[in-house]
Amino acid sequence: MTTVVKKLVPSAQEKQQIRSLLDEIMKEPGMGNQYLFMEKAALYAQELPRRIREEFYQFKRREESAVLLVSENPVLLNGAGPSPSKHIEIDPEYRLNDAKILHGLYGSLLGEGIGFTSQREGSIYNNIVPLKDYSKIPNSSGGSNLDFGFHVEDAFHPARAEYLGLVCMRNDECAATTVSCIDGIELTPEEKRALFELRFKISHNPIHSTSNVVEETSQAILFGHEDMPYVKINAARMNLDEYQGVERRALEKLLHHFEQNRVAMMLKPTDCIFVDNYRCVHARDSFEANYGEGARWLARVVFASNLRKSRTMRDSVATRAINA
Ligand SMILES: [Fe+2]
């Protein structure tokens, strides 16, 4: 099994330390605002317990685990409140709860929270709740009735983030989040060469309403070092019939590898997970949604190891919204 999930539970003492840090942050004016908070998150994250900071650093540095899962976090002590019924993050009055703030602190140990102009007005935080209107839209984070197939988050975009973070407010439906890691992929030299070439289409998912600033038609699926390649693919929107010969064989092997190595995780309230978005694909199987106040509720933030590399795609130094 190549999809290693590293699990972390803060000790009683660490929970106290985390809780007092959160209380301090939440007393500071403006920290419920996602954009103001994210400017301070990297600073405050240095005050998380050292053992936890070390685990995040090793996750980033060693590239051994596919996922880092932190459970039993000292947040949502009075429950999560009702699940939202719309995309609340685009409201100027939108405020973060303590679970999202802690998730942002953890993620800031890996990188900078970013958004895309094509997705909910560049919002950094995206709430994921099944919405009736979206239930039958394939590959949508608001969907539920249809499987959401394997994909790298924002696979189509050259500035996609290295880490995908999710925090769970509620998952009474026990919907599984599935992750699979490319480590250990077996390909012939010819198949591998093909996947490293600009021969594939990588489409965006419906959550992005792109203005076609990104070239999607001639992309490589693999990149990085050829001995331990990184991957970008949106299998959820890929039509295998468009490929023949070595390209088709290579894609089929890759998808088979992901099927064989998939790990399903049932997120519980307060769980924070971080997926290596260079080495892993993720998916969500279809589920029977509880619509309304008790619906499955996650929030997603993606973390890029650096903001400078996307500077040409951001309209100002200050913004975290990447043009798409
Ligand atoms: Fe996703």
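In what follows, the structure referred to is the one given above.
From a predicted model like this one, the values you see are computed outputs, not experimental measurements.

Asks: Before we move on, could you go through the overall build of the chain and cite the residues and values that matter?
Replies: Scanning the chain from N- to C-terminus turns up 6 helices and 14 strands. In terms of overall size, the chain behaves like a compact globule, its C-alpha atoms giving a radius of gyration of 19 Å where 324 residues would be expected to give roughly 20 Å. Projected onto the principal axes, the alpha-carbon positions of the chain cover approximately 60 × 40 × 40 Å. A burial count over the chain gives 45% of its 324 residues as buried. Long-range pairs, those at least 24 residues apart, make up 82% of the contacts in the chain between residues at least 6 apart in sequence.

Asks: Residues and numbers for the nonpolar core, please.
Replies: Core analysis: the biggest nonpolar cluster contains 83 residues, and Leu 102, Ile 233, Val 275 and Leu 298 have the highest contact counts within it. Among the elements that line this core, the one with the most residues is strand S13 (residues 297–304), at 7 residues. Residue contacts for Val 275: discarding those within four places in its chain leaves Ala 66, Val 67, Tyr 163, Leu 164, Val 179, Cys 280 and His 282.

Asks: Break down the pairing of strand S2 (residues 67–70) for me, citing the residues and quoting the values.
Replies: Across 4 bridges, strand S1 (residues 5–8) lies against S2 in parallel orientation. The residue of S2 that forms the bridge with Leu 8 is Val 70. For S2 and strand S11 (residues 272–276), the ladder comprises 4 bridges, and the chain directions are antiparallel. What sits directly across from Leu 69, in S11, is Ile 273.

Asks: Pulling in residues and values, what's your account of the sheet that holds strand S5 (residues 148–151)?
Replies: Pairing is antiparallel in the open sheet, where 4 strands are placed in the order S5-S12-S7-S10. The outermost strands of the open sheet, each flanked by one partner alone, are S5 and strand S10 (263–266). Taking the axes of each pair of neighbouring strands and ignoring which way they run, one obtains an average angle of 20 degrees across the sheet. With 5 bridges joining them, strand S7 (residues 176–181) and strand S12 (residues 280–284) adopt antiparallel strand pairing. When the bridges of S12 are listed, Ser 180 appears paired with Val 281.

Asks: So what's going on with the packing of helix H2 (residues 34–45) against helix H4 (residues 98–108)? Residues and values would help.
Replies: Interaxial distance between H2 and H4 falls to 8 Å at its minimum, and their mutual angle equals 65 degrees. Every pair of crossing elements has a handedness; the one defined by H2 and H4 is right-handed. In this structure, H2 uses Phe 37, Met 38, Ala 41, Ala 42, Tyr 44 and Ala 45 to contact H4, whose residues at the interface are Ile 101, Gly 104, Leu 105 and Ser 108. Here the contact of H2 with H4 is built from residues that sort into 8 nonpolar, 2 polar and no charged.

Asks: An account of helix H3 (residues 50–62) is needed here, citing residue identities and associated values.
Replies: With 13 residues, H3 should cover 18 Å at 1.5 Å per step; its first-to-last C-alpha distance of 18 Å lies within 8% of that length. Of all the positions in H3, only Ile 52, Phe 56 and Phe 59 are classed as buried. Down the axis of H3, the buried side of the element spans an arc of 60 degrees, and every buried residue falls inside it. Counted as exposed and oriented over 90 degrees from the buried face of H3: Arg 50, Arg 51, Glu 54, Tyr 57, Arg 61 and Arg 62. Elements that come into contact with the buried residues of H3 comprise S1, helix H1 (12–27), S2 and H4. Just downstream of H3, Glu 63 is the residue with a positive phi angle, here 55 degrees.

Asks: Explain helix H5 (residues 189–196) to me, using residue names and the numbers behind them.
Replies: Among all positions in H5, only Glu 191, Ala 194 and Leu 195 are buried. Buried residues of H5 fall within an arc of 95 degrees about the axis and therefore sit on the same side. Within H5, the exposed residues directed more than 90 degrees away from the buried face are Pro 189 and Glu 190. Contacts from the buried residues of H5 go to strand S8 (222–223) and helix H6 (245–260).

Analysis parameters
- Here the residue numbers are simple positions, counted from 1 along each chain's written sequence.
- Only residues with pLDDT of at least 70 are given local features in this predicted model, and only at 80 or more are side-chain atom pairs given and counted; all residues enter the totals for whole chains, interfaces and linings.
- A run of H or I in DSSP counts as a helix once it spans at least four residues, and a run of E counts as a strand once it spans at least two, with each numbered from the N terminus.
- All radius of gyration figures rest on C-alpha atoms, and the globule criterion is 2.2 Å times the number of residues raised to 0.38.
- Exposure in this text rests on C-beta crowding, where 20 or more other C-beta atoms within 10 Å of a residue's own make it buried, 12 or fewer make it exposed, and counts in between make it partly exposed. The C-beta atoms are placed from the backbone.
- With C-beta atoms placed from the backbone, a contact is any residue pair whose C-beta atoms sit within 7 Å.
- Each nonpolar core consists of buried Ala, Val, Leu, Ile, Met, Phe, Trp, Tyr and Cys residues. Their C-beta atoms, within 7 Å, join them into a set.
- A pair of strands is labelled paired if DSSP reports no fewer than 2 bridges between them.
- To obtain an axis, a line is fitted to C-alpha atoms, over the contacting stretch when the element is a helix, and the angle between two such axes runs from 0 to 180 degrees between their N-to-C directions.
- Note: crossing handedness is left-handed where the near helix turns anticlockwise from the far helix by less than a right angle, and right-handed where it turns clockwise.
- Residues are grouped as follows: nonpolar covers Ala, Val, Leu, Ile, Met, Phe, Trp, Tyr, Cys and Pro; charged covers Asp, Glu, Lys and Arg; every other residue, Gly included, is treated as polar.
- Helix span is expected to be 1.5 Å times the residue number reduced by one.
- The directions considered for the arc are those from the helix axis to the C-beta atoms.

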